[in-house]
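Listed here are the chains, written in short residue letters.
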Amino acid sequence: MSAMTSAKESADAAPRVRSRRGVHPLARFLFRRILTAVLLAWGITLVTFVLTNLVPGDPVTANLGQRALGDPAIVAQWRAEHGLDKPLWEQYVLHLRGVVQGDFGVSQQSHRPVAEDLAQFVPATLELAGAAIAVSLVLGVAFGVVAALRRDRLPDHVLRVLSLIGISVPTFWLALVAFYVFFYRLQITPGSGRVDPAIGEAPAVTGLQTVDALIAGRWDVFVSAVGHLITPALVLALYTIGLLTRFTRSAVLEVLGQDYVRAARAKGLPGRVILFRYVLRSALVPVITVAGLAFGSLLSGTVLVEAIFAWPGIGQYAYKSATTLDLPAVMGVGLVVGVVYLVINLIVDVLYGVIDPRVRLQ
Amino acid sequence: MKRDPLARKGLLGRLPEAWRQPLAVVGGVVALAWLVVALAAPLRAPHDPLAQELPRLAPPGPGHWFGTDQLGRDILSRVLYGARVSIPLTLLLVVLSVLIGGLLGACAGYFGRWADETIMRVADLVFAFPTVILAMVVAAALGASLVNAVLAVLVVAWPAYARVTRGLVLGVREREFVLSGRLLGFSAWRSLRVDVLPNVTGPVLVLATLDIGTALLLLSGLSFLGLGAKPPSPEWGAMVAGGVEVFDSWWVATFPGLAILTVVLAFNFLGDTLRDALDPRTARAIKERAL
Amino acid sequence: MSTGKTTLDITGLKVTIGGREILRGVDLSLQEGRVHGLAGESGSGKTMTGLAVLGLLPHGARATGRIALGGRDLLTLPPRELNKVRGGEVAMVFQDPATSLHPMLSVGRQLTEHMRHHLKLDKREARARAVELLGKVRIPGAEEAYGRFPHQFSGGMRQRIAIAIALACSPRVLIADEPTTALDVTVQAGVLRLLRGLCDELGLAVLLVTHDLGVMSAIADEVSVMKDGLVVETGPRGKVLREPSHAYTRSLLDSLPGETA
């Protein structure tokens, strides 16, 4: 609701705040952000490249068997095949040129183009992490508001302990416990994977199983996909729910002490209008920042959670490629994850602009 | 209510009150209990944590209160011995992150210009990666061992301290008593050590307390992935991983997981209460930068 | 224009916070079309008096006594009824317009939302009235100002906007808590003149809370002086400021550089 009204307001204000060059400030703001993002993305390629090349592990020993390692010809051929015989800077230039063209090289493990692997695994993780962040935002903000409004009373104390527990539980252990209790013991949740194999997947369009099921009109697939999504998403979300609860609480408390909230009460506005329009609007600014950062911790969590729930996502792929030192795959993962981070940051920045006219009308 | 220029004194002055909070008491007692366990494990553990005896996969009961694992090792003993592995390493890890991050952050904040730019851009790059994935790549590249896992966590942990310290130093640097020290002709290092450092210690200590939990979670997570402790070692994360294979024997994974949970929770209870005891402005600086 | 008709009558107002008596029995009455100045040092309880009228005391405060407005006692009014009085019959202008206006909501929205709530106006009516109000408080380009945000205005303009917001529902009482303290000296006079003019034109009863006796002598009709939670002296401006009967008022006046008569 607030986003819509705000867009409306910015439309109202727009004609009067155009800069001399006639570029809308929001467009300039976006352009600046995207430029920064591109620079950072380049930095990420450099870091992943350096990280995966300047470390003592040798991909040759990690990938070839004992017998093959004894034969210098095979080793040399393998190195040439994967471009490892060239000088480092040349490898980087080649790598960068490839990346720009969407070519991340060939995975040494799956023997498929890394880009293909990524296209297959990334959507599954995005679906999982997206569901988790959505749940975290809804519950975390709601809990945080309740805790702040009932400050130093029972709900606040209970939520404080619960949110601290939430940020203290080891994710991989919780995943295992949830799998054991709900699937193995109680049998109220479906097991591993993204959909029931007996039902089969919907034809891939977006790669998001729930969305694809709806596109294909397969209600049974949708129900199965949601059922498979719930437990891992909740396990993943617990940490961020705890985090967002704590942050929302302190953000709301701070805003409640502001003069403009007292002024709003002096205007005789109903409590719910003051809460949603005056308090939450300001409190959401820090909360959104944290939510953006929390998305990163969700991606971290997928590495641990996907293993337990056999979720075919980037987390498992990252784990496999890291342990086998599959350099093209590791670099691909690093780049994708870095870019996801940048996109999240960009979204956060744009949301700032939507919420706060002082950002938008600079 | 003006702030005491000696924030350290202010923190200590408020400490007793913070320690009386129920959460801090619970956290303190549990944390202390684990430290005692870490010290006394060889004396109190009922079995050798590495001894493989029958029965295998025995459920919890007399003799083996937490049951035994697939190799017939006593889980209670392993959990107790695990405290000797995880807790000292975690504390060491946090101390190192504080030292490295704090020093770099202080330099960035105090000297500004290129030192600031270089250090903080590197920190930004580290922040641009999810911690587990970055630590996993580093750990995998260095080779699976507990020491390398600690190094990997260190790589992702220091920037948080660098940011907080930098912010706090920037805040303190322009204050009168620091400026007057400089005007009196004291060297930059002296003012950093005498005037700035004491003001930064309190907040950083609170952040470190909160970070003990995060560091343990990350370290045991790497061990869970097989990138940390080597197999026979009774490391909690690795023990949970061992429980995955035999997950219908719930006790194998449950107890080491609970050990991690209680340690992390204890330090989070402590850290959260201590943070409330700090004055609101610094507390916010910590909250905003410590992710 | 002054008829001497009492609009708001405060009798025996006591406020305690955490066992401490902040107000110890305050008596004040505001008349239609009159500006009543409330002076005193910081901590004397003048701001608390203003907040008590609107039921905006800080968390944990307890108020007793009587605040009569049109035959009702505001202290015993149920929350719903009190909310109708707030903004509708009694409005307030705060000290610092930089913090009392929401930085992320447009001027128009902050001007119209309580109008629509209290007066049940539709969007277009509310907008028309808002633009008219902005003109009345002399904001240049009222139409344009409607869609702008507080940070796009200067301090003096923001306080005019805050006054427009306060007047939006045609209140009978306006409480102005140090309305010029946060403003540059050069724009203070303009805001004060505006307040005085609105008071005369609309027949408002204004409670002007200020520590600044210069401000007081410029526009107040009546002056009350507070000390330690009590009103120590009340009377017409000329009498209180020229021939103070209470020792405390004298000391306040003496502390003014070059202001003493």
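Residues numbered from 1 in each chain as written. Chains lettered and ligands numbered in written order. Predicted model: local features only at pLDDT ≥ 70, side-chain atom pairs only at ≥ 80, totals over all residues. Heavy atoms only, no water.

## Here we look at the UniProt feature "domain: ABC transporter" (unreviewed entry) in chain C
- As annotated by UniProt and renumbered to match this structure, "domain: ABC transporter" (unreviewed entry) occupies residues 8–253 of chain C.
- Across residues 8–253 of chain C one finds 41% helix and 26% strand; the C-alpha atoms that close the span lie 28 Å apart. (UniProt positions renumbered as here; feature names shortened; annotations may be inferred. Helix = DSSP H or I, 4+ residues; strand = E, 2+ residues; numbered from the N terminus.)

## Remarks on the sheet that holds strand 1 (residues 6–17) of chain C
Residue and element names in this part refer to chain C.
- On the basis of which strands lie adjacent, the open sheet formed by four strands has the order 2-1-4-5 and antiparallel pairing. In this open sheet, the two strands that pair with only one neighbour each are strand 2 (20–31) and strand 5 (72–73).
- Two strands pair when backbone bridges link them, and strand 1 and strand 2 are joined in this way by nine bridges, in the antiparallel orientation. Note that in strand 2 the partner of Val-15 across the bridge is Leu-23.
- Docked against the sheet, helix 1 (residues 46–53) engages strand 1, strand 2 and strand 4 (61–69), running at close to 115 degrees with respect to strand 1. (Pairing = 2+ DSSP bridges. Contact = heavy atoms within 4.5 Å. Axes fitted to C-alpha atoms, helices over the stretch in contact; angles between N-to-C directions.)

## A few points about the sheet that holds strand 8 (residues 205–209) of chain C
Residues and elements named next belong to chain C.
- Taken in spatial order, the six strands make up an open sheet running 6-7-8-3-9-10, and their pairing is mixed. On the outer flanks of this sheet lie strand 6 (90–93) and strand 10 (230–236), each paired with one strand and no other. Sheet twist, expressed as the mean angle between neighbouring strand axes with direction ignored, is 20 degrees.
- Two strands pair when backbone bridges link them, and strand 3 (residues 35–39) and strand 8 are joined in this way by four bridges, in the parallel orientation. Within strand 8, the position partnered with Val-35 by the bridge is Val-206.

## Describing the packing of aromatic side chains
All names here are of chain A.
- One pass over the full model with this rule turns up 10 aromatic pairs over all chains.
- Geometrically, the ring pair formed by Phe-121 and Tyr-317 is tilted, given 5.1 Å between the ring centres and 35 degrees between the ring planes. Highlighted residues: Phe-121 in helix 7 (residues 114–149) and Tyr-317 in helix 14 (residues 314–323), separated in sequence by 196 residues.
- Taking the relative accessible area as the measure of exposure, Phe-121 reaches 16% and is therefore buried.
- For Tyr-317, a relative accessible area of 8% puts it in the buried group. (Phe/Tyr/Trp six-rings, centres within 6.5 Å; stacked < 30°, edge-to-face > 60°. Buried < 20%, exposed > 50% of the residue type's maximum accessible area, 1.4 Å probe, protein only.)

## Considering helix 14 of chain A
- Taken as a whole, helix 14 of chain A has its buried residues at Ile-314, Gly-315, Tyr-317, Ala-318, Ser-321 and Ala-322 of chain A. The buried residues of helix 14 of chain A occupy an angular sector of 160 degrees when projected down its axis, which confines them to one face.
- On its buried face, helix 14 of chain A is in contact with helix 7, helix 13 (271–309) and helix 15 (327–355) of chain A together with helix 5 (131–142) of chain B. (Arc of directions from axis to C-beta.)

## What to know about the interface of chain B and chain A
- Each side of the interface is counted separately: chain B has 46 residues, and chain A has 48 residues.
- Carbon and sulfur atoms make up 79% of the area that chain B and chain A hide from each other, which totals about 4,200 Å².
- Where chain B meets chain A, there are two salt bridges.
- Note that Arg-246 of chain A is salt-bridged to Asp-272 of chain B, the shortest N-O span being 2.6 Å.
- Counting the contacts that link chain B with chain A gives seven residue pairs in polar contact (both at pLDDT 80 or more).
- Looking at the side of chain B that touches chain A, the elements with two or more residues in it are helix 4 (113–127), helix 5, helix 8 (188–224), helix 9 (236–245), helix 10 (251–277) and helix 11 (280–289) of chain B.
- Examining the composition of the side of chain B that touches chain A, we find that 14 residues originate from one element, helix 10 of chain B, more than from any other.
- Residue classes in the side of chain B that touches chain A are distributed as 31 nonpolar, nine polar and six charged. (Buried area = accessible area lost by both parts, 1.4 Å probe. Salt bridge = Lys/Arg side-chain N within 4 Å of Asp/Glu carboxyl O. Polar contact = N/O pair within 3.5 Å; in protein donor to acceptor, adjacent residues only side chain to side chain. Nonpolar A, V, L, I, M, F, W, Y, C, P; charged D, E, K, R; others polar.)

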